[in-house]
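# Examination of the molecular architecture
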Amino acid sequence: MPPAASAFLVHGLPGGPGREAIGAGLAETGIPITATDAETRAALDRGGIAFVPTNVLAPGLARLLGLRGILGLRSPMNTVARLLNPFAAAAGVDGVFHPPYIHLHLEASKRLNRPRLAVLKGGGGEAERRPEKPITVHLLRGATVEELLFPALCAADAEEGVQARATVQATLALALLALGAAETVTEAEAAAQILMV
């Protein structure tokens, strides 16, 4: 049985080059890193959010992703990892690192029966919206894909705290749109701003 509709599951690699701060950041925000299916479900039921390392979800995939440290570049497995939907979430936000992969990612998501999904070109392929520039987001609803333009939320030279807050707000707007809690960019941005208060 899937967790409550208001639960958010985040998955990825919590460590490695360039990712040293993820574990500390999660601890600082109180988001638990879970190691078993039962822990994950309990965390989602308790707090509505959990982080599951890729090596817990798919150990073989995690080993293949680890080859990046040896090869020095991404492999197709980095794209495959973004298609994981371990608890059959009704909605998701996925990032890709190469814009031509957006269409391929959406088509694969349709075949995997992902009902609602926001896909963006994220920095390093992350499912995170950069707030300092406008971005086109592709919203999959059933078999339909809509391209939506989100505006910049802050200046590129804004102080770090302003950029960090804007990043959270910008990404939250994508989640609200994917969930269907907002139907337009304007509604998603407004709802995310209210939630940030």
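Rules used in this analysis
- Residues numbered from 1 in each chain as written.
- Predicted model: local features only at pLDDT ≥ 70, side-chain atom pairs only at ≥ 80, totals over all residues.
- Heavy atoms only, no water.
- Helix = DSSP H or I, 4+ residues; strand = E, 2+ residues; numbered from the N terminus.
- Rg over C-alpha atoms; globule rule 2.2 N^0.38 Å.
- Buried < 20%, exposed > 50% of the residue type's maximum accessible area, 1.4 Å probe, protein only.
- Contact = heavy atoms within 4.5 Å.
- Polar contact = N/O pair within 3.5 Å; in protein donor to acceptor, adjacent residues only side chain to side chain.
- Core = buried A, V, L, I, M, F, W, Y, C linked by side-chain atoms within 4.5 Å.
- Pairing = 2+ DSSP bridges.
- Axes fitted to C-alpha atoms, helices over the stretch in contact; angles between N-to-C directions.
- Phe/Tyr/Trp six-rings, centres within 6.5 Å; stacked < 30°, edge-to-face > 60°.
- 1 Å grid on protein atoms, 1.4 Å probe; cavity = no way out; pocket = protein on both sides within 12 Å on 5 of 7 lines; lining within 4 Å.
- Points joined across faces, edges and corners; volume = space filled by probe spheres on them.
- Nonpolar A, V, L, I, M, F, W, Y, C, P; charged D, E, K, R; others polar.
- Right-handed = clockwise from strand over helix to strand, strands pointing away.

## So, the overall build of the protein chain
- Across its full length, the protein chain holds nine helices and six strands.
- Scaling as 2.2 N^0.38, a compact globule of 197 residues should have a C-alpha radius of gyration of about 16 Å, and the protein chain matches this with 16 Å.
- Seen along its three principal axes, the alpha-carbon backbone of the protein chain occupies a region of about 40 × 40 × 35 Å.
- Per-residue burial for the protein chain yields a buried fraction of 36% across its 197 residues.
- Excluding contacts between residues fewer than 6 apart, the proportion of contacts in the protein chain whose partners are at least 24 apart in sequence is 52%.

## Points about the environment of R116
- Position of R116 relative to the elements: it lies in strand 4 (residues 116–121).
- Setting aside residues no more than four positions away along its own chain, R116 makes contact with A90, A91, G92, L140, R141, L177, A178, L179, G180 and E183.
- One polar contact links the side chain of R116 to the main-chain carbonyl oxygen of L177, over a distance of 3.1 Å.

## Structural notes on the nonpolar core
- Within the largest apolar cluster, 19 residues are counted, with the highest numbers of intra-cluster contacts made by V93, V137 and F150.
- Looking at this core, the elements with two or more residues in it are strand 3 (91–96), strand 4, strand 5 (135–141), strand 6 (144–150), helix 8 (160–179) and helix 9 (185–195).
- The element contributing the most residues to this core is helix 8, with six residues.
- Here V93 is in contact with L117, A118, L120, A127, L174, A175 and A178, once residues within four sequence places are set aside.
- Grouped together as the second largest cluster of nonpolar side chains are six residues, V96, I102, L106 and L140 included.

## Brief notes about the sheet that holds strand 5
- The four strands lie next to each other as 3-4-5-6, forming an open sheet whose pairing is mixed. The two strands at the open ends of the sheet, each matched to only one other strand, are strand 3 and strand 6. The average undirected angle you get between the axes of adjacent strands in this sheet is 25°.
- The sheet contact formed by strand 5 and strand 6 spans seven bridges and is antiparallel.

## Things to note about the packing of aromatic side chains
- Under the definition given, this model contains one aromatic pair.
- Ring centres 5.5 Å apart and planes at 80° place the aromatic pair F97 and Y101 in the edge-to-face group.
- Classification of F97 by relative accessible area gives buried; the value is 17%.

## Notes on empty space enclosed by the protein
- For the coordinates displayed, the defined rule picks out one cavity of 30 Å³ or more.
- Roughly 30 Å³ of internal volume is contained in the largest cavity.
- Elements with a contribution of two residues or more to the lining of the largest cavity: helix 4 (59–65) and helix 5 (68–71).
- Grouping the constituent residues of the lining of the largest cavity by class yields five nonpolar, two polar and two charged.

## Thoughts on the pairing of strand 3
- Along strand 3, six of the six residues are buried, which leaves the element largely enclosed by surrounding structure.
- Here strand 3 pairs with strand 4 via six bridges, running parallel. Residue pairing across strands places G92 opposite L117, the latter belonging to strand 4.
- Regarding topology, helix 7 (residues 101–111) serves as the crossover connection from strand 3 to the parallel strand 4, and that connection is right-handed.

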